[in-house]
Each structure stands twice: as structure tokens, then as C-alpha cells.
Amino acid sequence: MKIGIAQLNPIVGDLIGNSEKILAAAQTCASERVDLFLTPELSLCGYPPRDLLMDRSFIDDMAIALQKLAQALPAKMAVLVGTVEPNPQATAFGGKPLFNSAVLIQNRQIVRKFHKRLLPTYDVFDEDRYFEPGEESNFFSLEASDSSSQTMRIGVTICEDFWNDEKFWGRRNYPENPVAELVAKDIDLLVNLSASPYAVGKQKIREAMIEHSAIEYGLPIIYVNQVGGNDDLIFDGSSVAFNHSGQLVGRAPAFKTDLLVLDFDLDKQDLLQGKITAQPQSDDAEIWDALVLGVRDYAQKCGFKKVVIGLSGGIDSALVAAIATEALGADNVLGVLMPSPYSSDHSITDALELAKNLEIDTQTLAIAEAMQTFDRILAPMFVGTAPDITEENLQSRIRGNLLMAISNKFGHLLLSTGNKSEMAVGYCTLYGDMNGGLAAISDVPKTRVYSLCQWLNATREHPIIPAHILTKAPSAELKPGQVDRDSLPPYDVLDDILQRSIGTHASPAEIIKAGHAPEVVEQVVKLVARAEFKRRQAAPGLKISDRAFGSGWRMPIASKRTRSSDFH
């Protein structure tokens, strides 16, 4: 028996386009005599659909699209499609109006429905907002297409249903374990339809978890995952299959659409060895691929052909420009230099050298005259005050206005260039360098920015990032001689504190115990809290970590954190 795994890149809400992608992959599978065809979670509408699910007409249209798709699919193939199903009991007995479902289509008819049981509500997930949990885990039987009349029992789970094995995690997050319940029903194969967002290193955890379950239950398992960028989320694909001994027998590529076909031996009741695509060789390679996909899909799915970037001569804008060029092509990237009287000569030459290496067009818009005009306009109101950070930030806001004007005039997507370290502590200017339609590296710490640039240079025939950009002290260049370390701890110190505080929720006392100076920890913790109002107004940022400043970050703005040390 042949099983096709469709690793698809949907556009959220595009019922027609997503149907066409499913149908095209199914037709390819039909030519290879595939018996069972699998698609990711919510493959018909794309994940996450968020509040589109509150639009009743969208749900109605999805039902129509599903029927049309069913009628067009190859008749002799069993197909599992991820979709949304109404909850008929919601009005009479309460509960959410929808199920997150997979439907089984055979002979162009919907013959079975399976509902997701475990609904995540952590990080970026808020499925309890829309969905009612399914009441039971179930399977279906599939007969071989040859004359043997052999059948297999296939258990169906949807994403989170698989993530609750207390033996693997050391705890349960939900009372039920759908996998264990399906195993008790004597299934021959377990399939999991997923839309699992990317985070660096997550695939290793997924594969370890699936391998554990395959060995624990003596059961072959297929995991099919969505791929592509949808808003701040990136889906890496990397669909996998393990045989009943826990051996990896199939893997689709990371960050690419794919169609993987595997053989299931009905006599051995096991998956046979298939194609295994290698994973990216390092965290930097993985993050690079994720960010390139995220920028490409955000631009294309939002209707942008070209992007504009402010090139400061610094490392952050250099990395963003390199990512954008890889994602969209050099002809679709415009770099804008906006020197001020405080800009160093090397900032201009470094930016131009970068642009030459990337083969992107540049424009130079000097801002000295605009700075003088702002000073003159504000002089009557600022009389008697000394120049301070206000005037420094005006430079950033002038640049932000110029970039937004270019975006507005030519329809380019403006990519902001702030990194996670800066976003965390507010070392950025609201309505200035924070301007943009997408914050490409807002989940990339400064130390990782350097690592990525060094990796990029090492893996290319000729270095992309000019050497001087990698070695000079980071600076916003908003006043003479300014460098970042005037205001912030060294980035290796800052990033470690931020990872402990934001990434692992460590307390200040725990961070101090780990070796950091109390006054530095106190400074960083206060800066993070103070900058919340800025982050709330930032452009969407591509998520590459388990704890990003995006849809999964829900901190209050108007707040005052009292700690036990404050009590007397």
C-alpha cells in the first residue's frame, strides 16, 4: 500500500487556491498509484485562520470548497483533508461552534470525520477560542487496492493530540492521551496531521517524541506538517515517518513544499524505507532558511513584489538586506542610505560595499537639511531646554518617514531591521527605525545576528557581509562617538540575561545566581518592562524561538511588577 504525504504551503483563507494545491498533489499521487493521501492540519483554509473562523460565511464557503474538492479528487484514493466542521450540539448544549477536523474522502464522498481533541492555548495558540474538543479518538479501515483484500486500521490524530505523552515529557498537559487510546483500538498505523510552527531546534524534539512513541507502542507513525510563512509564524514542514521499531524511514525537506510517497507492507504491518532528506546542518543554517521563507511568503502572500530597507552600514540592516535578496532576488530589493552629520564615513562605504556584494540598487537621501528644519520648527517650543535623546530620536524618525514615503509611493514593503535584543530593552525609536510592514529579525538576538552573518560569509563563494561591519562596535550614530555599549551591557551579557528572563522565565534572583551583576540584571529587567508600549506598536516579526515578541507575547503595558524583595 502506498501513502502520499503532501507538505503544502497554503495561504490562509484562500479556499480556492488551497484546494487547487491539494488537488494537484493528489493527482500526482494518483499517477504513482497511491492508496492513502495525507494533508496537513486545516490544509483547506490554512493555519492559523484566527478570527476568520468567526465569519459564518467563511465557514459556509469552506463547506462548499470541501464538497467541490471531494468531487474532483481521484476516485480510487482515500484522502484526509484538514478542515473545519460545525459543532451541531453547540446551540442546544453549549460549547464552541466549530471543530478542528480531518475528513476522510473516498470515492469522492466524505465518509468519516475526525475531530481534534487537545486544543492548545499557550504561546501563539488560542484554539479554545474557536473550537470544541473532540470527544473520542478514532480510526478508519482501508482495504488494499490489489486483489489481496488485506486491510489496515489507521488511527487519526491532529497536531496537539500527539504532544501529551507523559513518559516522554515527564508530565501531562491534558487529562487524555489520544495516542494511547488509539493504540488500545489495535490500529496498524498512526497518522498525525499538523500545522506546527517553527522554532530553532524544534524538529529534533519532534523526531525524538515520534521515535519514542513508535518504540513505546510498537507502531509505525506518519507526521505531516504544513510549510510556509503565515504572518509572524513560519512552518518548517520536515514531515517524517518512523517504522514500528522507531527507525526513521522518511523525511520531507525543511522549509520547502514536497510530496513524499512511502510504502506500507501489509504483511509486515510496517512502513518500508523511503526517501530521507537531510536537515539543515546547523542552527544558523536552519534560522537562515526560516527567515528567507518567512520574508518571501510574507511579501508574496501580502501582494508585495519589492522591498525597501534602510541601510545604515550596520550589521542588522546588512543581515536583513541579505535575507531579502535571497528571498526575493536582487532586482526586488532597494537599499536606502540616509546619512546625517553624525554618520561616519565607514558607515556609508560599508553600506555601499554590502549593496555591491548583494547586487542591489541603492539611493542616498541625506537628512542634515531635514534635521535643521525640524530644529527650527521646534525651537520656539524647546526654548530653554538642552538637546537630549529627543533630538537624537528625531533623526531616526526622519529616516522612518522617508522610508515610509518610498514604500507609499512605489508600493514596496518596508522591512524594519531591529533585532530581538533591541526590541527587548526598547533600544529603538517608535515611529522611526521601528517603522515597517515586517520586522524580519525581531526574534534574532544580537549575538545570533553576528553568528548568522559569519555563517553566511563562510558558506558563500565570496563574503557577502563586509569585514568591517563584522568588526566595528555597534552604534546608532545619533551623536558624536556614540556606541551601543554606552547605554547597554555588552551584547553577550545582555542576550544571556534576556534568554534567561524571557526564554526560560527565570527570576532576577535566579539570573543573579547564574553569575550576572545585580545592578545589570535590575537594569535589563526594568528596560524590558518599560519597552512594552513600543513592542505593542511594532510591525509583525518573524518567530524563530519558543518565546517571541509576537502573537504569543501577552504582557500588559500599564503595569507595575511588585516582587517579594519589595515587601517589608
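For the structure itself, look to the data block above.
The structure contained in this document is the topic of the report that follows. (Residues numbered from 1 in each chain as written. Predicted model: local features only at pLDDT ≥ 70, side-chain atom pairs only at ≥ 80, totals over all residues. Heavy atoms only, no water.)

## Concerning the overall build of the chain
Right, so step 1: When helices and strands are tallied, the chain shows 18 helices and 20 strands.
Right, so step 2: Its C-alpha atoms give the chain a radius of gyration of 26 Å, within 12% of the compact-globule value 24 Å for 568 residues.
Right, so step 3: For the chain, the spread of C-alpha atoms along the principal axes amounts to about 90 × 65 × 50 Å.
Right, so step 4: In the chain, which comprises 568 residues, the proportion classed as buried is 54%.
Right, so step 5: Look at the contacts in the chain between residues 6 or more apart in sequence, and 74% of them connect residues 24 or more apart.
Right, so step 6: When the accessible area of the chain is evaluated, it comes to approximately 25400 Å², of which 52% is carbon and sulfur surface.
Right, so step 7: Put simply, the chain has 55 plus and 72 minus side-chain charges, and the middle of one group is 2 Å from the middle of the other. (Helix = DSSP H or I, 4+ residues; strand = E, 2+ residues; numbered from the N terminus. Rg over C-alpha atoms; globule rule 2.2 N^0.38 Å. Buried < 20%, exposed > 50% of the residue type's maximum accessible area, 1.4 Å probe, protein only. Contact = heavy atoms within 4.5 Å. Areas by Shrake-Rupley, 256 points an atom, 1.4 Å probe, with all protein chains shown as cover. Lys, Arg positive; Asp, Glu negative; His and termini not counted. Charge placed at Lys NZ, Arg CZ, Asp CG, Glu CD.)

## Considerations on the sheet that holds strand β18 (residues 361-364)
Right, so step 1: Within the open sheet, the five strands sit side by side as β18-β17-β16-β19-β20. Their pairing is parallel. Each of the sheet's edge strands pairs with one partner strand only, and the pair in question is β18 and β20 (438-439).
Right, so step 2: Pairing geometry for strand β16 (residues 307-310) and strand β17 (residues 333-337), over four bridges, is parallel. Bridging from a neighbouring strand, Val308 pairs with Leu334 of β17.
Right, so step 3: Strand contacts of helix α8 (residues 315-328): β16, β17 and β19 (413-416), with the helix running at about 165 degrees to β16, the strand carrying the most contacts.
Right, so step 4: Across the sheet, helix α11 (residues 389-410) is in contact with β16, β17 and β19; its angle to β16 comes to roughly 170 degrees. (Pairing = 2+ DSSP bridges. Axes fitted to C-alpha atoms, helices over the stretch in contact; angles between N-to-C directions.)

## Some remarks on the nonpolar core
Right, so step 1: Counting residues in each nonpolar core, the largest one holds 54 residues, and the members touching the most others are Trp288, Leu291, Leu311, Leu415, Ile441 and Ile465.
Right, so step 2: Looking at this core, the elements with two or more residues in it are α7 (283-301), β16, α8, β17, α9 (345-358), β19, α13 (446-459) and α14 (467-471).
Right, so step 3: Apart from the residues within four sequence positions on either side, Leu311 is in contact with Ser317, Ala321, Gly335, Val336, Leu337, Ala351, Leu354, Ala355, Ile360 and Thr362.
Right, so step 4: Grouped together as the second largest cluster of nonpolar side chains are 38 residues, Phe58, Val103, Tyr130 and Ala195 included. (Core = buried A, V, L, I, M, F, W, Y, C linked by side-chain atoms within 4.5 Å.)

## Remarks on unusual backbone geometry
Right, so step 1: In this structure, the amide linkage connecting Tyr47 to the following residue, Pro48, adopts the cis form with an omega of 0 degrees.
Right, so step 2: Here Pro48 shows up in the loop between β2 (36-38) and α2 (56-72).
Right, so step 3: Although it is not a glycine, Ser238 sits at a positive phi angle of roughly 55 degrees.
Right, so step 4: By secondary structure assignment, the location of Ser238 is in the loop between β11 (233-236) and β12 (240-242).
Right, so step 5: A positive phi angle, near 65 degrees, is found at Tyr431, a position not held by glycine.
Right, so step 6: If you trace the backbone, Tyr431 turns up in the loop between α12 (420-425) and β20.
Right, so step 7: Looking at Tyr431, the relative accessible area reads 48%, which means it is partly exposed.

## Regarding the side chain of Asp284
Right, so step 1: Tracing the backbone through its elements, the reader meets Asp284 in helix α7.
Right, so step 2: Judged by relative accessible area, Asp284 falls into the buried class, the value being 11%.
Right, so step 3: Side-chain polar atoms of Asp284 contact the side chain of Arg448, separated by 2.7 Å.
Right, so step 4: Here Asp284 is in contact with Arg448, Ser451, Leu452 and Trp455, once residues within four sequence places are set aside. (Polar contact = N/O pair within 3.5 Å; in protein donor to acceptor, adjacent residues only side chain to side chain.)

## Some thoughts on the pairing of strand β4 (residues 98-106)
Right, so step 1: With eight of its nine residues buried, β4 lies for the most part within the structure.
Right, so step 2: Sheet analysis places strand β3 (residues 78-86) next to β4, joined by eight bridges and oriented antiparallel. Paired with Val84 across the two strands is Asn100, which belongs to β4.
Right, so step 3: Strand direction decides the pairing type here: β4 and strand β5 (residues 109-115), joined by six bridges, are antiparallel. Counterpart to Val103 in the pairing with β5 is Lys113.
Right, so step 4: Following β4, the chain reverses through two residues before pairing antiparallel with β5; Asn107 in that reversal takes a positive phi of roughly 50 degrees.

## Structural notes on the sheet that holds β4
Right, so step 1: Across the sheet, which stays open at both edges, the seven strands sit in the order β5-β4-β3-β2-β1-β14-β15 with mixed pairing between neighbours. Whereas interior strands pair on both sides, the edge strands pair on one side only; in this sheet they are β5 and β15 (270-271).
Right, so step 2: Relative to β3, β2 runs parallel, the two being bridged by three bridges. Residue pairing in the sheet places Phe37 in a bridge with Val79 of β3.
Right, so step 3: Running over the sheet, α2 touches β3, β4 and β5 and is turned about 165 degrees from β3.

## Observations regarding the side chain of His412
Right, so step 1: Tracing the backbone shows His412 in the loop between α11 and β19.
Right, so step 2: By relative accessible area, which is 12% here, His412 ends up buried.
Right, so step 3: For His412, the contacting residues outside a window of four places in its chain are Phe304, Lys306, Val307, Val308, Leu334, Ile406 and Ser407.

## Concerning the pairing of strand β7 (residues 151-158)
Right, so step 1: Judged by how many residues are buried, β7 sits mostly within the fold: six of eight residues are covered.
Right, so step 2: Examined bridge by bridge, strand β6 (residues 138-143) and β7 share six bridges and lie antiparallel to one another. Considered in β7, the bridge of Glu143 is made with Thr151.
Right, so step 3: Looking at chain direction, β7 and strand β8 (residues 189-194) are connected through five bridges and run parallel. The partner of Val156 across the bridge, within β8, is Val191.

## With respect to the pattern of salt bridges
Right, so step 1: Scanning the model with the defined rule gives 21 salt bridges in all.
Right, so step 2: Residue Arg117 is joined to Glu181 by a salt bridge in which the shortest nitrogen-to-oxygen separation is 2.5 Å. With a gap of 64 residues between them, Arg117 in the loop between β5 and β6 and Glu181 in helix α5 (residues 178-183) connect regions that are remote in the sequence.
Right, so step 3: Between Asp443 and Lys420 there is a salt bridge, with its nearest N and O atoms 2.8 Å apart. Remark: Lys420 occurs in helix α12 and Asp443 occurs in the loop between β20 and α13; sequence separation between them is 23 residues. This pair shows no difference in class: Asp443 is buried, exactly as Lys420 is.
Right, so step 4: Linked through salt bridges whose partners overlap, the residues forming this network are Glu41, Lys116 and Glu127. (Salt bridge = Lys/Arg side-chain N within 4 Å of Asp/Glu carboxyl O.)

## Re the environment of Gln363
Right, so step 1: Inspection of the secondary structure puts Gln363 in strand β18.
Right, so step 2: Gln363 has contacts with Leu334, Gly335, Val336 and Leu337, leaving out every residue within four places of it along the chain.

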